[in-house]
Amino acid sequence: MRVLKFGGTSVANAQNIKLVLDIVIKKAEKEKLIVVVSAFTKVTDLLVLASQKASSNDESFKEIVAEIEKKHLDAIKELIPVSEQSSALSHIKRIINHLETLLEGCFLLGELSPRTSDTILSFGELLSSYIIAEAFKQQHKNCGYKDSRELIKTNNNFGKAAVDFEISNQLIADYFNSNESQIVIMPGFIATSVDGIGTTLGRGGSDYTAAILAGALNASELEIWTDVNGMFTANPKVVKQAQPIASISYQEAMELSHFGAKVLYPPTIQPVFKKNIPIWIKNTFEPQAEGTFISNDVPKHSNPVKGISSIDNITLITLEGSGMIGVAGVSKRLFEVLSHENINVIFITQASSEHSICIGILNADAEIAENAINKAFAIEISQNKIDPCIIEKDLCIIALVGENMKNHQGLSGRMFSTLGKNNVNIRAIAQGASERNISAVINERDVKKALNALHENFFEENTKQLNLFVMGVGNVGEKFIEQIHQQKKFLKENLKINLRVIALSSSKKMYFDEEGIPLKDWKSLLDNGETATLEAFISKVKSLNLRNSIFVDITANQSVSETYEQYLKQNVAVVTCNKIACSSSYDNYKNLKNLSRQYNAPFLFETNVGAGLPVIDTVKNLIASGDKVNKIQAVLSGSLNFIFNNFDENNSFHDVVKEAGIQGFTEPDPKIDLSGVDVARKILILIRESGYQFDIEDIANRSFMPAECLATTNNEDFFKSLIKNAAHFENLLAEAKAKDCRLKYVATFENGKASVGLEFIPKESPFYNLEGKDNIVQFYTDRYIDQPLLIKGAGAGAAVTASGIFSDVIRVGNI
């Protein structure tokens, strides 16, 4: 004898029921079967809604009944030949009439008792099981039907009745000992009390019905057929990388089902566990898929964690006070109060000082629990020995589950470290002595991030998913996206980094895709995106709350730079080529660095100086190793170097500056480069990273630009002024040639003073032969005294700047 149970999605409609027929009839060729079925999908929810509306004197319950009736009549018309439909249709209409009579009573009385509610909810399974049984009879001659209410007996705890196994087991055994049918169809979920009143076994109770039957008959196996390929390492709707579990122990399955693994109703395991009857979780829509096998004989795996699960809608209640310390019976009183109110306690933890007890219950029970507890401890509260209980709602319990966790050290630390790195605050912790699960209570808004981060750590071969929110899609931004698209596969295979661009924003449009933007189509998707604002972009990043989030700023916009604090406080890393933040006031610079440490959110800006050159990283390593930077000399503007390398008798200053802009070497406003402000910002950042407190006002800027050029307010006027002042620039060039020198814009820091300005560089200087758009930086330190540490290479251009940003993103992934 084998027991099969098919859930609501498996019997959602006639098409799905035909799949069930195929599965069962093939299995019935080998042995006798009991087939337990749930109500059609959503029917139980419709019955709940109808009963609520009827008891609230809302006549729209009749529309719901009509919807339920149509759903079942349609199924009969598809499953049963026209010549044999008459009796089935009449039977369904009789059941619907009975349902409508009960609901009319609720409407007239304006109330809904638990007993009536159970009776109404039973109609879903009564309707589905009858139709499915009639469909089976069309294809299998030896098929019978049995009402579960005649065999499964319970107490009168309506809504979640407790089974009387002694009576039920005897009734089940007696019936099937004399039954000759090869296939017996039975409704799940429903039962009757010992005195004959209709009861239910709790939502999801059809699994339980099947397990009760399997246990009573010592079935060879219990099969739970659903719409997924077994139990998963996490909820696949929340964690896309969740993997099916091939085999799992009864204890592990119980833990996972208790913590929200919805493919299995928690009490299901008890009746079969005692008799060591294996359970299969199978997929109706992929019957050939392996599924999950639950038994005592589970092979040991290298990963001690079998799954990660969660329970939503949790309220944490804390009872605390000095009057609890050393006083016997406080816990007993607390749990008696909750038991009396029929409130299930999901989570318990107590401080070893006995100063407080913390329990987790469902949000729906919070108000009743609060009133009952405060009433029970009213005397102690009035004497200030115990505080009124503290209520914290909208929380969630997450749990690591695994039979072999007790044999592995460091799992708790690994779990809490992972949550901490993602800025997930833990409100309470519990771990049973069996060490089969480690539970933590967190804010409900963090559950998706927490589950994904834990799953990544424990199940995904150390692959780290980075979620990028990119602002700025100009020359550099476009190259950055292109490089990600090109390297995505390489990163995943070789560096175990799964890079996803979740959001893109220009100054006008922004586009989000939580599953990752298809980069081959990013331009058209962004063009059709929503209107971009900084506030809306930040709000969306916060609401998504994804693990390993990185905000990538590829703009030169001050307003964007002023948002970094908000990202860092949300544990979102910031990678930027925008120099404004790090060259703003020293207090703001230090604040951002401190926030980065406080919230464990990297703040990286390598491309602020030298584009893709490792300049800032080199300074950081020097300082970290105990060295001291005493002097810096540098050509830090690739754009200015390009301009002065190409400015000659044949190419006017105006034309060379124009070309630099076309090639993407200058900022959108070229005055930022030519005024020396950009170089001043860069040397300021290097000075600060070298450990000195410095501000932009402390840097002497010896500008070579005429005041008229700097006074322009737009690019058109600026370029006109370059033509007008051409003689000024030609005189500079002539003076350099006369001195046998080259023009270079040099930044210097020495003896606590800094300056930037145009200099005449002699041939013997390492700066003299600096070609194209290259940068050069010389660090004189306590260790590099006579010969400086020198870094040289391309310091401007969209591709090299994009690669520097990309390197910072990879650096975040490796932290």
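What counts, and where the lines are drawn
- The residue numbering used here restarts from 1 in each chain and proceeds along that chain's sequence as written.
- In keeping with the predicted nature of the model, local features appear solely for residues at pLDDT of at least 70, side-chain atom pairs appear and are counted solely at 80 or more, and the whole-chain, interface and lining totals rest on all residues.
- Computation of side-chain values covers all heavy atoms of the structure but excludes hydrogens and water.
- Aromatic rings from Phe, Tyr and Trp, taking only the six-membered ring of Trp, are treated as a pair when their centres fall within 6.5 Å; an angle between ring planes under 30 degrees marks them as stacked, one over 60 as edge-to-face, and anything in between as tilted.
- Each helix corresponds to a stretch of at least 4 residues labelled H or I by DSSP, and each strand to a stretch of at least 2 residues labelled E; elements are numbered beginning at the N terminus.
- Partly exposed describes any residue whose relative accessible area lies between the buried limit of under 20% and the exposed limit of over 50%, with all areas from a 1.4 Å probe on protein chains only and scaled to the type maximum.
- Look at NZ for Lys and CZ for Arg. If either is within 6 Å of the ring centre and within 35 degrees of the ring normal, a charge sits over the ring.
- DSSP bridges decide pairing: two strands pair if at least two such bridges lie between them.
- Residue contacts follow a heavy-atom distance rule, with two residues in contact if any of their heavy atoms lie within 4.5 Å.
- When the strands point away from the viewer, a crossover counts as right-handed if the route from the first strand across the helix to the second turns clockwise.
- We define the nonpolar core as a collection of buried residues of types Ala, Val, Leu, Ile, Met, Phe, Trp, Tyr and Cys that are connected through side-chain atoms lying within 4.5 Å of one another.
- Here the expected span of a helix is defined as 1.5 Å times the quantity of residues minus one.
- Think of the arc as the fan of directions from the helix axis to the C-beta atoms.

Draft legend 1. Quick look at the packing of aromatic side chains. In the structure shown here, the tally under the stated rule is 24 aromatic pairs. Ring geometry for phenylalanine 653 and phenylalanine 704: centres 6.3 Å apart, planes at 85°, overall edge-to-face. With phenylalanine 653 in helix α24 (residues 653-662) and phenylalanine 704 in the loop between β26 (699-702) and α27 (707-710), this residue pair connects regions lying 51 residues apart in the sequence. The residues phenylalanine 653 and phenylalanine 704 share a single accessibility class, namely buried. Look at phenylalanine 653 and phenylalanine 729: their rings are 4.0 Å apart centre to centre, the planes differ by 15°, and that puts the pair in the stacked class. Here the residue phenylalanine 653 occupies a position in helix α24, and phenylalanine 729 occupies one in helix α29 (residues 726-738), the gap between them amounting to 76 residues. Comparing phenylalanine 653 with phenylalanine 729 shows no difference in burial state: the two are buried. Clustering of aromatic rings is evident, with ring pairs tying together Phe469, Phe512, Phe537, Phe551, Tyr564, Tyr567, Phe603 and Phe605. Over the face of the ring belonging to phenylalanine 719 we find lysine 658, whose NZ or CZ atom lies 4.5 Å from the ring centre. Directly above the ring of tyrosine 768 sits arginine 742, whose terminal nitrogen or CZ lies 5.4 Å from the centroid.

Draft legend 2. Focus on the sheet that holds strand β6 (residues 190-193). Strand order in the open sheet formed by three strands is β4-β6-β7, with mixed pairing between adjacent strands. The open sheet has two free edges, formed respectively by β4 (153-154) and β7 (198-200), since each of these has just one partner strand. The pairing of β4 with β6 spans two bridges and is classified as parallel. Bridge assignment links threonine 154 to a residue of β6, and that residue is serine 193.

Draft legend 3. Up close: the environment of lysine 449. By the element assignment, lysine 449 lies in helix α15 (residues 447-459). Residue lysine 449 is classed as buried on the basis of its relative accessible area of 4%. It is 40 Å that separates the C-alpha atoms of lysine 449 and leucine 213, two residues lying 236 residues apart in sequence. Discounting residues that sit within four places of it in the chain, lysine 449 has contacts with Asn422, Val424, Asn545, Leu546, Arg547, Gln570 and Asn571.

Draft legend 4. Local environment of the side chain of aspartate 678. For aspartate 678, the position within the fold is in helix α26 (residues 677-689). For aspartate 678, a relative accessible area of 2% translates into the label buried.

Draft legend 5. The arrangement of the pairing of strand β19 (residues 497-505) in detail. Counting buried positions over the nine residues of β19 gives nine, a clear majority of the element. Inspection of the sheet shows strand β18 (residues 464-471) paired to β19 by eight bridges, in the parallel sense. Following the sheet pairing, leucine 466 is matched in β19 by leucine 499. Considered for its hand, the β-α-β crossover made up of β18, helix α16 (residues 475-495) and β19 is right-handed. Pairing between β19 and strand β20 (residues 509-512): three bridges, direction antiparallel. Residue pairing across strands places serine 505 opposite methionine 510, the latter belonging to β20. Between the antiparallel neighbours β19 and β20 lie three residues.

Draft legend 6. Spotlight on the nonpolar core. Ranked by size, the top nonpolar core spans 80 residues in total, and within it Phe537, Phe653, Leu686, Phe704 and Phe779 carry the most contacts. Residues within four places of phenylalanine 779 in sequence aside, it is in contact with Val615, Val619, Val629, Lys631, Ile632, Leu686, Tyr784, Pro788, Leu789 and Ile791. Within the second largest apolar cluster, 56 residues are counted, among which are Leu4, Val35, Ala39 and Ile92.

Draft legend 7. Quick look at α29. Taking 1.5 Å per residue as the helical rise, α29 with its 13 residues ought to reach 18 Å, and the 18 Å between its terminal C-alpha atoms agrees with that figure. Among all positions in α29, only Phe729, Leu732, Leu733 and Ala736 are buried. Taken down its axis, α29 places every buried residue within 95° of arc, on the same side. Facing away from the buried side of α29 by more than 90 degrees, the exposed set consists of Asn731 and Ala738.

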